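Summary of structural features
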Amino acid sequence: MTAGADHLRTRSDGGRAAEYPPSPEPLRVPVYDNHTHLEIADGALPLTAHEHLERAASVGVAGAVQVGTDVATSRWSAEIAAREPRLLAAVALHPNEAPELDGRGELDAALAVIDELAAQPRVRAVGETGLDFYRTGEDGREAQFRSFEAHIDIAKRHGIALQIHDRDAHDDVVATLRRVGAPETTIFHCFSGGEDLARLAGDAGWYCSFAGNVTFKNAETLREALRVVPRDRILVETDAPYLTPVPLRGRPNAPYLVPHTMRFMADLLAADLDELCAQVAANTERAYGSWADGLAAGSP
């Protein structure tokens, strides 16, 4: 499958028949969606990557990081980012992929592909990688640890960011980063910890990226975490097509809905929206570099 295709797959739960929500009021200061999955089709009328980015640009979302979760989606992410100035790529094997690949004797070969892709100029992160003890039992954890440590090494050797998937594994993620040494730029994608992890991450200089679930009614732990993260370590994401923010839950998520989350965060932090957007944008560019660099010849 090449980047010319609109989508590689549909949502793992079969997708939704709902329509995409209307566009929010544009942000006056542009930001970036630092974690999205445009390869996944969702909604009654799925949007192409180009349509996603056009809608995003119209509301002040200047670009996004397109994230791979296996060999196929990582290749797709790298290929489309090479030609699309509004996308950078992250490449990795999702932690839940690692035990399956290991069981087939394919984990090392898949990691080698990720290593090759990480050398491309528009690939600016290794992710999403990490540990997921929610879906993987004890018998799969050894493969997850091995894969996570290999991804950390890839990120450090290529000098790019690490995007961490951490689900029900906070202590082991932190212990692994400390044991093998975290990359200079380390990001907790879709931050899921509480105040203690947020303080630890801030003290270590790691970034905490907040998605639409910070707006959910039952997410007070996330809101407590956001309150203590240093402002120069806050990022924003959609994790689209998942985690659609309030008041739009039940409808497909997309990068153009980032303004809902940004406005919620600004209200929660009693921050000026424009100033917070400027800070988050600066944080994102510090983490990933310029969206203008490394485009393939002949790109727009």
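Here the structure is a predicted model, which means the values were calculated and not measured. (Residues numbered from 1 in each chain as written. Predicted model: local features only at pLDDT ≥ 70, side-chain atom pairs only at ≥ 80, totals over all residues. Heavy atoms only, no water.)

**Brief notes about helix α10 (residues 273–288)**
Just so we agree on the cut-off: Helix numbers and strand numbers start at the N terminus; a helix is a DSSP run of H or I with at least 4 residues, a strand a run of E with at least 2. One less than the residue count of a helix, multiplied by 1.5 Å, gives the span that helix is expected to have. Three labels apply to residues, based on accessible area from a 1.4 Å probe with only protein chains included: buried if under 20% of the type maximum, exposed if over 50%, partly exposed otherwise in between. This arc corresponds to the set of directions leading from the helix axis out to the C-beta atoms. Pairs of N or O atoms are called polar contacts if they sit within 3.5 Å, as long as, within protein, a hydrogen donor faces a hydrogen acceptor (for residues adjacent in sequence, only side-chain-to-side-chain pairs).
Here α10 contains 16 residues, and its C-alpha end-to-end distance of 22 Å stays within 8% of the 22 Å for a straight helix at 1.5 Å per residue. Within the sequence span of α10, burial applies to Leu276, Cys277, Val280, Ala281, Asn283, Thr284, Ala287 and Tyr288. Considered in projection along α10, the buried side chains sweep an arc of 160 degrees and stay on one side of the axis. The opening residue of α10 is Asp272, an N-cap whose side-chain oxygen sits 3.1 Å from the backbone nitrogen of Asp274. Just downstream of α10 lies Gly289, where phi reads positive at about 90 degrees.

**Here we look at the packing of helix α5 (residues 141–158) against helix α6 (residues 170–180)**
The angle between the axes and the distance between the axes are what describe a pair of packed helices. Here is the rule: Interaxial angles span 0 to 180 degrees and are taken between N-to-C directions of axes, which are lines fitted to C-alpha atoms, for helices over the stretch in contact. Working rule for angles: under 35 degrees goes down as roughly parallel, over 145 as roughly antiparallel, 65 to 115 as roughly perpendicular, anything else as oblique. For any pair of crossing helices, the crossing counts as left-handed if the nearer helix is rotated counterclockwise from the farther one by less than a right angle, and right-handed if it is rotated clockwise. In this analysis, two residues are considered to be in contact whenever any of their non-hydrogen atoms come within 4.5 Å of each other. Nonpolar residues are Ala, Val, Leu, Ile, Met, Phe, Trp, Tyr, Cys and Pro. Charged residues are Asp, Glu, Lys and Arg, and all others, Gly as well, are polar.
Contact geometry for α5 and α6: axes closest at 11 Å, N-to-C directions at 50 degrees. If you check the angle between α5 and α6, you find them oblique. In this structure, α5 meets α6 at a crossing whose hand is right-handed. Residue-level inspection shows Phe145, Phe148, Glu149, Ile152 and Lys156 of α5 in contact with α6, the latter providing Asp172, Val173, Thr176, Leu177, Arg179 and Val180. Tallied by class, residues from the contact of α5 with α6 come to six nonpolar, one polar and four charged.

**A few points about the state of the cysteines**
How we decide: Any two cysteine sulfur atoms within 2.5 Å of one another count as a disulfide.
Counting across every chain of the model gives zero disulfides. For the unlinked cysteine Cys190, the closest cysteine sulfur is that of Cys208, found at 12 Å. Classification of Cys190 as buried rests on a relative accessible area of 13%. Cys277 takes part in no disulfide bond, and the closest cysteine sulfur, belonging to Cys208, lies 18 Å away.

**Examining the nonpolar core**
Heads up, the condition is: In this text, buried Ala, Val, Leu, Ile, Met, Phe, Trp, Tyr and Cys residues form a nonpolar core when linked through side-chain atoms within 4.5 Å.
Counting 76 residues, the largest nonpolar core has Leu177, Phe191, Phe210 and Met262 as the members making the most contacts within it. In terms of residue count, the dominant contributor to this core is helix α4 (residues 107–117) (six residues). Residues in contact with Phe210, not counting those within four places in the same chain, are Phe191, Leu222, Ala225, Leu226, Val229, Ile234, Leu235, Val236, Glu237, Thr261 and Met265.

**Quick look at the pattern of salt bridges**
This is how it is decided: Any carboxyl oxygen of Asp or Glu that lies within 4 Å of a side-chain nitrogen of Lys or Arg is treated as forming a salt bridge with it.
According to the stated counting rule, one finds 14 salt bridges in the structure shown. For the salt bridge of Asp153 with Arg157, the shortest nitrogen-to-oxygen distance reads 2.8 Å. On the criterion of helical spacing, the pair formed by Asp153 and Arg157 is a turn pair, its members being four residues apart in helix α5. One salt bridge connects Asp232 with Arg233, and the closest N-O pair in it is separated by 3.9 Å. Relative accessible area serves as the criterion here: at 19%, Arg233 is assigned to the buried category. Look at the salt bridges and you will find they share partners, linking Glu54, Glu84 and Arg86 into a network.

**Here we look at the side chain of His165**
Relative to the assigned elements, His165 resides in strand β7 (residues 161–167). Residue classification places His165 among the buried positions, given a relative accessible area of 11%. Not counting the four nearest positions on each side in its chain, His165 is found in contact with His94, Pro95, Glu128, Thr129, Gly130, Leu131, Asp132 and His189.

**Quick notes on the pairing of strand β6 (residues 123–132)**
Each regular strand displays side chains that alternate between the two surfaces of the sheet. Let me state the cut-off plainly: Any two strands between which DSSP finds at least two bridges are classified as paired.
Burial within β6 is extensive, with 10 of its 10 residues counted as buried. Inspection of the sheet shows strand β5 (residues 87–91) paired to β6 by three bridges, in the parallel sense. From the neighbouring strand, Ala89 faces β6, where its bridge partner is Val123. Here six bridges tie β6 to β7, and the two strands are oriented parallel to one another. Within β7, the position partnered with Thr129 by the bridge is Ile164.

**Observations concerning the environment of Pro26**
Residue placement: Pro26 occurs in the loop between β1 (9–10) and β2 (31–36). In this structure the C-alpha to C-alpha distance between Pro26 and Val61, which are 35 residues apart in sequence, comes to 8.5 Å.

The values are spatial; any link to function lies outside them.
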